[in-house]
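# Architecture at a glance
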Amino acid sequence: MQPPPPPSTTTDALVIPRIGGGFHLAPITLAPLQADEVRVEMYASGICHTDLSVEHGYLPVGGFPIVVGHEGSGVVKATGSAVTHVAPGDRVLLSFTSCGGCPSCLAHHTAYCETFHLVNFGSQRADRSPRAHDADGERVEMGFFGQSSLARDAVVLGPSCVPVQGLTEEEMRLLAPLGCGLMTGAGTVDNIFRARAPGSIAIFGIGGVGFGAIFASKTLGLSPIIAVDIDPRRLALAQSLGATHVVNSTHCADPAAEVRALAGGYGVSYSVETTANATVKMQAIRCVAKLGKVGIVGTTGDDRVDVDVEWLIKSGASIMGVAMGDAYTPEYIPKLVGEYRAGRFPLDKLVRFFRPEEMAEAVRQMLEGETVKPVIVWR
């Protein structure tokens, strides 16, 4: 006689019912765990522009209704039989997932996993069984970036869970956003560029990714650190947190030339482009010095960069695509926690907390530039 299946868990989540349907706080029921899954009781969930892109229909996912969210923190409540690196009671920060077996994963470049898009955006189990359903018994997609952290409780893929020693409740709420944008910005400087002083950098777009790049650049001693944006509030905050110079691109005819001038006329050693704007991409490319490195982070999904090959050859510049800062999360997320604890990663200056019922206000403040990183607090 077969034993009865383990009990399901009823919780609530911010569900997107359809493209353009907004975020609705609603009850859902989680399915029993499969072998590679973990049930996490969420403490907090950062909100990222990628979540909004799903709601707007700009990114293909496994279907609707869906729970998104990919910047979570929480406590492990149960684990599947194949999960051995975390146990019930562990406090974890959440990030993207990966297959663990392809050449990139085996080399610890998990952000370049051969199945990255499928396992992070597909939001479905291999057997297509649902991880959750709504109050009417209808399927709800869960598993976005391996976590769907915009929920009070979630079924999370094992590789998305990063245990960190000694996390306090305050840190659980404050550090929830580490696993995406902030990590991507810092990782671009640390892992993609492998930047070293003396060296200079320009960061185009001062949101979560941009601030992560500023923090890492300051720690490494890069100078000048030039922040480029159109929002004077973001630029003022950037200058207070490590940028040595700021450029408001609405106030100058040629931001790339302004950056080059601030870097002694030769251009910067490194530039990071986070906006997905085609004009800004070219500014980030045109501002680098000979043998400079350009990291392209932002994309609309179908944009292109038209680079003059003769300039590319003469400059010796490298234009590099960046996914998740090439972060190997089991090592890099604890490193960033250490940077925060040492006072070198001041997330407290960027974060504002909201209740789940305040999701619409949190999104409004992020889109209008009032808040750099809104965080939904579940507990």
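Residues numbered from 1 in each chain as written. Predicted model: local features only at pLDDT ≥ 70, side-chain atom pairs only at ≥ 80, totals over all residues. Heavy atoms only, no water.

This brings us to the overall build of the protein. Looking only at helices and strands, the protein features twelve helices and 18 strands. What you see for the protein is a C-alpha radius of gyration of 21 Å, in line with the 21 Å of a compact globule of 379 residues. Overall, the protein is about 75 × 40 × 40 Å in size when its C-alpha atoms are taken along their principal axes. Residue pairs in contact within the protein that sit at least 24 positions apart in sequence constitute 68% of those at least 6 positions apart. For the protein, the exposed area adds up to about 15,800 Å²; of that, 54% sits on carbon and sulfur atoms. (Helix = DSSP H or I, 4+ residues; strand = E, 2+ residues; numbered from the N terminus. Rg over C-alpha atoms; globule rule 2.2 N^0.38 Å. Contact = heavy atoms within 4.5 Å. Areas by Shrake-Rupley, 256 points an atom, 1.4 Å probe, with all protein chains shown as cover.)

Here the structure, examined in full by the defined rule, presents 20 salt bridges. A salt bridge links E273 to K281; the shortest N-O distance between them is 3.8 Å. For E273, a relative accessible area of 0% corresponds to the buried category. A relative accessible area of 3% means that K281 is categorised as buried. Its salt-bridge partner being R364, residue E361 comes within 2.8 Å of it at the nearest N-O pair. Of this pair, E361 and R364 are both found in helix α12 (residues 359–367), three residues apart, which corresponds to roughly one turn of the helix. A residue is classified by how much of its surface remains accessible, and E361, at 31% relative accessible area, is partly exposed. Judged by relative accessible area, which is 28%, R364 ranks as partly exposed. Overlapping salt bridges, with partners in common, bring together E361, R364, E368 and E370 in one network. (Salt bridge = Lys/Arg side-chain N within 4 Å of Asp/Glu carboxyl O. Buried < 20%, exposed > 50% of the residue type's maximum accessible area, 1.4 Å probe, protein only.)

Cis peptide bonds are those with omega within 30 degrees of zero, and the linkage from F64 to P65 qualifies with -5°. With respect to the helices and strands, the residue P65 is situated in the loop between α1 (49–56) and β4 (66–67). Put simply, S223 and P224 share a cis peptide bond, and its omega is -5°. Examined against the element boundaries, P224 turns out to sit in the loop between α6 (208–220) and β12 (225–229). Even without glycine at this site, R128 takes up a positive phi of about 65°. As for its position among the elements, R128 is in the loop between α3 (116–121) and β7 (132–134). With relative accessibility at 49%, the residue R128 sits in the partly exposed group. Backbone geometry at R194 places phi at a positive 50°, although glycine is not the residue there.

Turning next to the domain arrangement of the protein. Domain boundaries assigned for the protein yield domain 1 (9–179 + 346–377) and domain 2 (184–323). A straight line from the C-alpha centre of domain 1 to that of domain 2 covers 29 Å. Between domain 1 and domain 2, the contact holds eleven residues from the first and 13 residues from the second. Both faces considered, domain 1 and domain 2 share a buried interface measuring about 950 Å² in area, 63% of it formed by carbon and sulfur atoms. Taken together, the connections running from domain 1 to domain 2 amount to zero salt bridges. Inspection of the domain 1/domain 2 interface yields four residue pairs in polar contact (both at pLDDT 80 or more). (Domains from an automatic or database assignment. Buried area = accessible area lost by both parts, 1.4 Å probe. Polar contact = N/O pair within 3.5 Å; in protein donor to acceptor, adjacent residues only side chain to side chain.)

What follows covers the layout of surface pockets. For the second largest pocket, the calculated volume is near 380 Å³. V119, Q124, R125, A126 and R131 are, among the 18 residues lining the second largest pocket, the residues nearest its centre. Within the lining of the second largest pocket, the residues separate by chemical class into six nonpolar, seven polar and five charged. (1 Å grid on protein atoms, 1.4 Å probe; cavity = no way out; pocket = protein on both sides within 12 Å on 5 of 7 lines; lining within 4 Å. Points joined across faces, edges and corners; volume = space filled by probe spheres on them. Nonpolar A, V, L, I, M, F, W, Y, C, P; charged D, E, K, R; others polar.)

Attention shifts here to the UniProt feature "domain: Enoyl reductase (ER)" (unreviewed entry) in the protein. In this structure's numbering, the residues bearing the UniProt feature "domain: Enoyl reductase (ER)" (unreviewed entry) are residues 20–376. Across residues 20–376 one finds 29% helix and 24% strand; the C-alpha atoms that close the span lie 20 Å apart. (UniProt positions renumbered as here; feature names shortened; annotations may be inferred.)

Our focus in this paragraph is the state of the cysteines. Scanning all chains against the criterion turns up zero disulfides. Free of any disulfide, C105 has its nearest cysteine sulfur in C102, 3.6 Å distant. Assessed through its relative accessible area of 5%, C105 is described here as buried. (Disulfide = S-S within 2.5 Å.)

With that settled, consider the environment of D51. Take D51: it is sitting in helix α1. Look at D51 and you get buried, because its relative accessible area is 0%. For the pair formed by D51 and I16, sequence separation is 35 residues and the distance between their alpha carbons is 9.9 Å. If we skip the residues at most four places from it in the chain, D51 touches I16, F23, G46, V68, G69, H70 and F144. Of the polar contacts made by the side chain of D51, one reaches the backbone nitrogen of G69; its length is 3.1 Å.

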